[in-house]
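# Topology and contacts: notes
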Amino acid sequence: MISALAWIKKGAAKQFPEKYNLSEQEYERISSLTEQQANDAKQELNQAPANENTDIEVEPTVNDKPADNDDELAEYNLDDYDNEVRSERGPQIFSNLAGLTYYSNNKEDPYITLDDAEDEKEEMNELEILPTDNLLITAKTEDEISHLEIYTYIEEEDNLYIHHDIMLPSFPLCVEWLDFKLGRKANEQGTGNYVAVGTFDPTIEIWDLDTVDAMYPDVILGETKKRGRFTNRKINNERHIAAVMGLSWNKTHRNLLASSSADTTVKLWDIQTAKCLHSYNHHTDKVQAVQWNPAETTVLLTGSYDKRVCCFDSRSPQAVSEWGLTADVECLKWNPHKPEYFYVSTEDGLVKCFDARTNNSKELFTLQAHDGPVSALDVNPLISDCIITGSVDKQVRIWNIANNQPTCVVSRNLDVGKVFAASFSLDSPFLAAVSGSKGKVAIWNTIDNATVRKTFADRVNIDTPVNAEKSEVVTLQDDKEPESDSEEEGNADKGMDVDDSEEEDNE
């Protein structure tokens, strides 16, 4: 399944991404991070109640074995097996084989004499990203293995392919693209190309998308003491203690990232220092979503399973406006064209619009958008009064919400299964990406739909001619299709135990 996705702004990615280089400095960074995680795990294991360990059988160590075996084992030097062996050439891959060293590239290795310049050039050409290419990040899980897939979509050719991928340690729930340089490139000028990932682990990983085959994220937020049982951890002001369910990057104060969690808190992070600046505790249940206001850049909007949406200034969180709902929150979105308005989708199939300027005000409209939970919602950043919704009923719909009177423009089943994510492109007004339980992403070029063109033509300049030969929907299908609805559901945090209903395609 694909549980989350996000577009990358055109031109943000490097034309030729870097190949990951395990330098001495990077080796030291990874070693220190993994050592810290191991120490935290050992500490929490030692602090576990004694009665939990009474049934554990401990295997005898080397020193516990009979003395007559000592001579046989001495030649293997097992006592020093875990000690790191180094040489002037760099860190050793195999700790006790000092003769086997690694080299950062083939040119440094005296035993490799082949010229691989042509191969490197060909590989770099395959990785080239043009400023006109559309890039998309998806968070995918298959057979309990989770990873990010970075897609390239060439609109003129209807060509969609995977550029590279990144392995993840846990099931991903949300992704957020950002261009603030951090980690290894923090002191460099210009903008970067990064993705923040929230998973079932209580940490947030930030990866450099301009580096291929990276082994470790550039920054991990809230990493200390991340392991252990939930019942033994307490809500605190430094890190999350449960799954990270929502992320929002502040495009004005670019070093700020907000996160929402199943631990009922919302946290504000300085991604430059990897520190938590503030922790907000105004919700009483899991916080599903968080969003910065596009105009009032210090204002946060949060939605929770406590059936409330809250709005407050992050500098003075004591004054909280709130709106009650009839069901759990699924998605939250501000209107970039009218930033005083926001939209919330809920588990009972509704989408509601509110005016954030008035506390506990009545909704401006209520839309029965789907028969099941509205698990995907986005507002078109380039076309006013245009939103997209998706649901576990497998339908995706485009709505015209002009004058707060929503009407359905088009409804489609894009064959992605139960829909978990839908998002409009940041650069192409009629381009949308949709993903769901079948583990594939669909690129929907809605301009090819006559009703969409007729409805929104006067709100945006259409400078791209409609090509009747092009496909309206482009997908990259998995080799293995789910055999049943139960196989599709997996471990999704949305749409569980929902009746699987079908609708006819309606244009």
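Residues numbered from 1 in each chain as written. Predicted model: local features only at pLDDT ≥ 70, side-chain atom pairs only at ≥ 80, totals over all residues. Heavy atoms only, no water.

An unreviewed UniProt entry annotates the protein as WD40 repeat-like protein originating from Piromyces finnis.

### Details of the pairing of strand β10 (residues 204–208)
Here β10 lies mainly inside the structure; five of its five residues are buried. In terms of strand pairing, strand β9 (residues 194–199) meets β10 through five bridges, oriented antiparallel. Residue pairing across strands places V197 opposite E205, the latter belonging to β10. Between the end of β9 and the start of β10, which pair antiparallel, lie four residues. Bridge analysis of β10 against strand β12 (residues 219–221) gives three bridges, and the strand direction is antiparallel. Bridge pairing links I204 to L221 in β12. (Buried < 20%, exposed > 50% of the residue type's maximum accessible area, 1.4 Å probe, protein only. Helix = DSSP H or I, 4+ residues; strand = E, 2+ residues; numbered from the N terminus. Pairing = 2+ DSSP bridges.)

### Remarks on the pattern of salt bridges
Counted by the stated rule, this structure contains 21 salt bridges. A salt bridge links R184 to D208, with the nearest nitrogen and oxygen atoms 3.9 Å apart. With a gap of 24 residues between them, R184 in the loop between β8 (172–178) and β9 and D208 in strand β10 connect regions that are remote in the sequence. The partly exposed category is assigned to R184, whose relative accessible area is 36%. Connected via shared salt-bridge partners are K14, E18, R184, K185, D208 and D218. (Salt bridge = Lys/Arg side-chain N within 4 Å of Asp/Glu carboxyl O.)

### What to know about the environment of R184
Sequence separation of R184 and D218 is 34 residues, and the distance between their C-alpha atoms is 6.6 Å. Reaching out from R184, the side chain makes a polar contact with the side chain of D218 at a distance of 3.0 Å. (Polar contact = N/O pair within 3.5 Å; in protein donor to acceptor, adjacent residues only side chain to side chain.)

### Some details on unusual backbone geometry
Even without being glycine, K394 reaches a positive phi, approximately 75°. Judged by its relative accessible area of 9%, K394 falls in the buried class. The residue N403 is not glycine, and still its phi comes out positive at about 60°. Inspection of the secondary structure puts N403 in the loop between β27 (396–400) and β28 (407–412). For N403, a relative accessible area of 67% corresponds to the exposed category.

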